[in-house]
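# Structural features, examined
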Amino acid sequence: MMDSYRISYFQTMKKKPYTPGTLQYVPFFYVIWSDDLVSASEINVVSTAIDSDASLTQEDRKLLHSWLKVSKPPRNETLKAWKQLIDRSKVTLIETETYPLATFSQKVVCHYHEECPFNEALKHIEVNLGIQPNHYNHLFEVETVHEISSNFYSAAELDHILKGQNAAVVDRFRKALEHPNFQWQVQRDKEAFRKRVLDQVVHLAQEGFGAMAFSKAHGGTGDMEGYATIFENMMYADGSLTIKFGVQFGLFGGSIQKLGTQRHHDAYLTQTGKAQLLGCFAMTETGHGSNVRGIKTTATYDRERDALIIHTPGPNDNKEYIGNALHSTMASVFAQLIVNGKNEGVHAILVPLRDAEHNTLPGITIEDNGYKLGLNGVDNGKIWFHQVAVPRENLLDKYGRISAAGAYESEIKNPNKRFFTMLGTLVGGRICVARAGLGGAKMALAIAVRHALRRRQFNDSIKVQEDLLMDYPTHQLRLTPLVASAYVYHVTLDKMMQIYCDEGQPDKRRVETQVAGLKSVITWYANSTIQECREACGGKGYLLENRIADLKGDVDIFTTFEGDNNVLLQLAAKGVLSDFKAEFNSAGFASVLKLLGQQLGNKLASINPMYVNKVDKEHLYNPKFHRHAFAHRTERLTYTLAMRIRDYIKKGMPSYQAFLKVQTHLLALGKAYSVELAYSTFADFTAQMPEGKHKELFQKLGCLYALHELRKDASWYLEQGYFGSNKSKAIRQRVERLSTELRPHIEVLVNGFGIPETLMTAPIASSWQRT
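Below: a short report on this structure. (Residues numbered from 1 in each chain as written. Predicted model: local features only at pLDDT ≥ 70, side-chain atom pairs only at ≥ 80, totals over all residues. Heavy atoms only, no water.)

## Topic: the overall build of the protein
Spelled out, the test is: Secondary structure is summarised from DSSP: a helix means a run of H or I of at least four residues, a strand means a run of E of at least two, and numbering begins at the N terminus for each. Partly exposed residues are those whose accessible area sits between 20% and 50% of the maximum for their type, while under 20% is buried and over 50% is exposed, using a 1.4 Å probe and protein chains only. Residue contacts follow a heavy-atom distance rule, with two residues in contact if any of their heavy atoms lie within 4.5 Å. Under the convention used here, a 1.4 Å probe and the Shrake-Rupley method define accessible areas, while residue burial counts only the protein chains that appear. For the purpose of counting charges, residues Lys and Arg are taken to be positive, whereas Asp and Glu are taken to be negative. His and the chain ends are not included. We put the charge of a Lys on NZ, of an Arg on CZ, of an Asp on CG and of a Glu on CD.
Check the secondary structure of the protein and you find 30 helices and 13 strands. Considered along the principal axes of its C-alpha atoms, the protein spans approximately 115 × 65 × 40 Å. Considering the protein as a whole, with its 771 residues, one finds that 57% of them fall into the buried category. For the protein, the share of sequence-separated contacts (at least 6 apart) that also reach a separation of at least 24 residues comes to 74%. Accessible surface computed for the protein: about 33100 Å², of which carbon and sulfur atoms make up 52%. Separation between the mean location of the 90 positive side-chain charges and that of the 82 negative ones in the protein comes to 5 Å.

Shown next as structure tokens:
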């Protein structure tokens, strides 16, 4: 006997009864037409499946094809009737089924009809349209067995891909972090905090990690690439540890390694790598932060004493914010080198600060900077020098030396080139800062996502469980693009360090330009990501125990040290301009500007109007479109910036003033160049991956990153006429759709960061039980 639901069905559908063949497509059509992103290509997938479905009659096909007209979609009354039909079936939607929507549809047919074999055509639609349960589970008022996280991908496999050739180093380092010394604790007494962090640094040095980037002769393995990767992982333990470690081995040790010669290496590097000689990097001054060339500390050569006299000439010329200042016994001091009355520019000199009993040496004054917004485990301080004499041999003299006869010598005759060559050797520090910032963002994302997969809130029915935070489209949209960005920036920084370490490329100016921009973009990304994660965790994210609060304080300064981000972006933009000018110098700069202007004008005209409003999925998801969009923005900003500078100079304005007039334009170009670099680096990496599901996942992550970035700068593209309002809207919709498509894999994606469970100490993220 037919139950009441079947009777109701036949009464409802008396005018247009649905055959079993037609009915099986109803849930699919309801999902498809509930989505604003139905495109011609997607309609074609469904149409092809219908035509190949042997179970359908000719009448069935005719009816189904009538529902596929984009120009005439089903009426609202029809959609409501479909929904009522589905809901009244009371069929349970099981998300863990291999083909959940196809299986669900067949069960709906089985409820109303005796005959209901499983249909392969439905599988074809589900797979080829990428329809996933989180696209439609909120559309039906039926019982749903939720799949909180998919196991289609393995976190270990994703972690292995990200570790790349550094897997052995990363695994060994993570193992070292399992020691009780690295268990995270709430720290509010800076003296105790500093002592704990110093102990951690010494511990890692004893394990051989401090000297990693040094040569084998000095206790290391010469592995600068591996050294950079551990910074990201160190952030999982503590930000203060990361920075103090970087100051000791990367800045102090790195200055000796990169700016010194063999005698300096032999005298200091082994002890530095073991943390037996603690040092600091004294570059920044109170009166001069980013403008290193303008620092006022002097190192004057005294011929009679064969010594350099280090001196702080004025009240604002002291070294400021120097990490490791209170624990150090020696400093690498950057000062104006004056030899025989001539200023030879900024050089680095090793200056002892304290004796064996840790008493400050004569002529040296050191003060504690005190409590800061974050990183209170790092002993930042101010240093003054009053006529402090050190031996001539303490000059780190790889690029400039003082002979025994008292004369200054350098193979690099141009002072500007010499200065930038010296600073260029320290680019690795900016990569490490960017990696540390990325590590902070990954930690915050892992905490926020795990919390969102546990915390339930709101539902319109008191009979069922409240919804998981991660199932809300708004929550997906706020976190998923940030996860995708983390993957893109990880791959990009790996590549930058690989290029930096390539001895076959002795001229580091290009990579310096690239790293300057990336450091800015990535540390800003890290800060905004951590803030988003804090808000996404609500009040729980505000508690110290859940780590995000300290991550906020610690990573905040990353936008400032190793170069202020606004200054670094201008450096990156000037590098792009220099490359642009040098590339076409033979033809003359003015003629090249004219030619490029014509090319850009023609290129823009050639994409109107069809390209401007092209909105189909294949186009918007195509890496060629992403590359073109990013390259076009960089090219156009370069051209318009060069034109503005040229026009100002033609009017008689000094070049320095001309650059001041275009500062905001410089920043825009620096950002555009850096985003293009990050995307193209990731796209190249993905293209070289073997075919398979991991490549498809990385392609989707790259696509989400690209569309998210285009969406953020939509106003520029709209102003320039590169795309119209319809395309802008479609990009926004696709960002939302991709965020939803990645929802089943979001847990695996953040677990793929490889954060050790021993360090995942936030209560809302560790030892958690799904509810």
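## As for the side chain of histidine 311
The topology assignment puts histidine 311 in strand β5 (residues 307-311). In contact with histidine 311, not counting residues within four places along its chain, are Thr297, Thr298, Phe385, His386 and Gln387.

## Focus: the side chain of aspartate 53
Filter applied, for reference: What counts as a salt bridge is simple: a side-chain nitrogen of Lys or Arg found within 4 Å of a carboxyl oxygen of Asp or Glu.
Tracing the backbone through its elements, the reader meets aspartate 53 in the loop between α4 (40-52) and α5 (58-66). It is arginine 61 that comes nearest to the buried, bridge-free aspartate 53 among opposite-charge side chains, at 6.0 Å. Not counting residues up to four positions away in its chain, the partners in contact with aspartate 53 are Gln24, Tyr25, Arg61, Asn119 and Ala121.

## Side note on the packing of helix α12 (residues 190-206) against helix α14 (residues 239-259)
We apply this condition: All axes here are fitted lines through C-alpha atoms, helices being fitted over the stretch that makes contact, and every angle between N-to-C directions spans 0 to 180 degrees. An angle counts as roughly parallel when it lies under 35 degrees, as roughly antiparallel when it exceeds 145, as roughly perpendicular when it falls between 65 and 115, and as oblique in every other case. Less than a right angle of anticlockwise turn of the near helix away from the far helix marks a crossing as left-handed, whereas a clockwise turn marks it as right-handed. Gly counts as polar in this scheme, as do all residues outside two lists: the nonpolar Ala, Val, Leu, Ile, Met, Phe, Trp, Tyr, Cys and Pro, and the charged Asp, Glu, Lys and Arg.
Remark: α12 packs on α14, axes separated minimally by 9 Å, with the N-to-C direction vectors making an angle of 55°. Classed by the angle they form, the pair α12 and α14 counts as oblique. Relative to α14, α12 is oriented so that their crossing is right-handed. Facing α12, whose interface residues are Phe193, Val197, Leu198, Gln200, Val201, Leu204 and Ala205, α14 presents Ser240, Leu241, Lys244, Phe245 and Phe249. Split into classes, the residues belonging to the contact of α12 with α14 amount to nine nonpolar, two polar and one charged.

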